[in-house]
Amino acid sequence: MDNMKHRRLQELDRSDFAIVEGEPDIRGWDVKNSSGKKIGEVEELILDAQKKKVRYMVVDMDDNELDLDDRRVLIPIGLAELDKEDDDVMLRSVTADQLRALPKYDENNLDDEAERNICS
């Protein structure tokens, strides 16, 4: 049984929520660093169901240009700048070393401990 809908942090696709009309849905957009090199692609958005706000992006780092391991990671949405003209998400202040240090995303362990690991 999927208990995602009962959690504070939820994947948008598996929740009862939707993107507000008129706001961009960045799923599928490329994620790039300040040099324009591809980090990955936004696969999913993680929202805080209590606050009704997106908190994280699930970024699939497959096919990246920074020699990063092919895995999915959570990145705080507050670090993202949207380039709506090119449909890119820019992470100007995130280094390759910081991305390497992020834990692998596990949708079954989307809890307070996972958030602490991302922030540290």
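The sections below set out a description of the structure shown in this document. (Residues numbered from 1 in each chain as written. Predicted model: local features only at pLDDT ≥ 70, side-chain atom pairs only at ≥ 80, totals over all residues. Heavy atoms only, no water.)

1. Quick notes on the overall build of the protein
In step 1: In terms of helices and strands, the protein carries two helices and seven strands.
In step 2: Sequence-ordered secondary structure for the protein, helices as α and strands as β, is β-β-β-β-β-β-β-α-α.
In step 3: Its C-alpha atoms give the protein principal-axis dimensions of about 40 × 35 × 20 Å.
In step 4: Within the protein, buried positions represent 38% of all 120 residues. (Helix = DSSP H or I, 4+ residues; strand = E, 2+ residues; numbered from the N terminus. Buried < 20%, exposed > 50% of the residue type's maximum accessible area, 1.4 Å probe, protein only.)

2. What to know about the nonpolar core
In step 1: Formed by 30 residues in total, the largest nonpolar core has its most connected members in M57 and L99.
In step 2: Contributions of two or more residues to this core are made by β3 (38–48), β4 (53–60), β5 (72–76) and β7 (88–91).
In step 3: Top contributing element to this core by residue count: β3, with five residues.
In step 4: Non-local contacts of L99, meaning those with residues more than four positions away in its chain, are made with I39, M61, L66, L68, R71, I75 and V94. (Core = buried A, V, L, I, M, F, W, Y, C linked by side-chain atoms within 4.5 Å. Contact = heavy atoms within 4.5 Å.)

3. Structural notes on the environment of C119
In step 1: The residue C119 is located in helix α2 (residues 112–119) in this model.
In step 2: Overall, the relative accessible area of 63% leaves C119 in the exposed class.
In step 3: Considered as a pair, C119 and D63 are 56 residues apart in the sequence and their alpha carbons are 25 Å apart.

4. Regarding a negative patch on the surface
In step 1: Negative charge collects at one region of the surface, where D62, D63, E65, D67, D69 and D70 lie side by side.
In step 2: Within the fold, D70 resides in the loop between β4 and β5.
In step 3: Among the residues examined, D70 registers a relative accessible area of 55% and is labelled exposed. (Patch = residues over 30% accessible without salt bridge, like charges linked within 9 Å, V, L, I, M, F, W, Y side chains within 5 Å. Areas by Shrake-Rupley, 256 points an atom, 1.4 Å probe, with all protein chains shown as cover. Salt bridge = Lys/Arg side-chain N within 4 Å of Asp/Glu carboxyl O. Lys, Arg positive; Asp, Glu negative; His and termini not counted. Charge placed at Lys NZ, Arg CZ, Asp CG, Glu CD.)

5. Some remarks on unusual backbone geometry
In step 1: The phi dihedral of K52 is positive, around 60 degrees, even though this residue is not glycine.
In step 2: One can find K52 in the loop between β3 and β4.
In step 3: We classify K52 as exposed; its relative accessible area is 62%.
In step 4: Of note in this structure, D67 is not a glycine but carries a positive phi near 60 degrees.

6. Observations concerning the pattern of salt bridges
In step 1: In the structure shown here, the tally under the stated rule is 14 salt bridges.
In step 2: The salt bridge partner of R27 is D13, with a shortest N-O separation of 2.4 Å. A residue pair is termed long-range when its members are at least 10 positions apart, and R27 in the loop between β1 (9–11) and β2 (30–33) and D13 in the loop between β1 and β2 qualify at 14 residues.
In step 3: With a shortest N-O distance of 3.0 Å, R100 and D97 are connected by a salt bridge. One end of the pair is R100 and the other is D97, both in helix α1 (residues 96–101) and three residues apart, which spans about a single turn.
In step 4: One network of salt bridges, in which partners are shared, links R8, D48, R55, D112 and E115.

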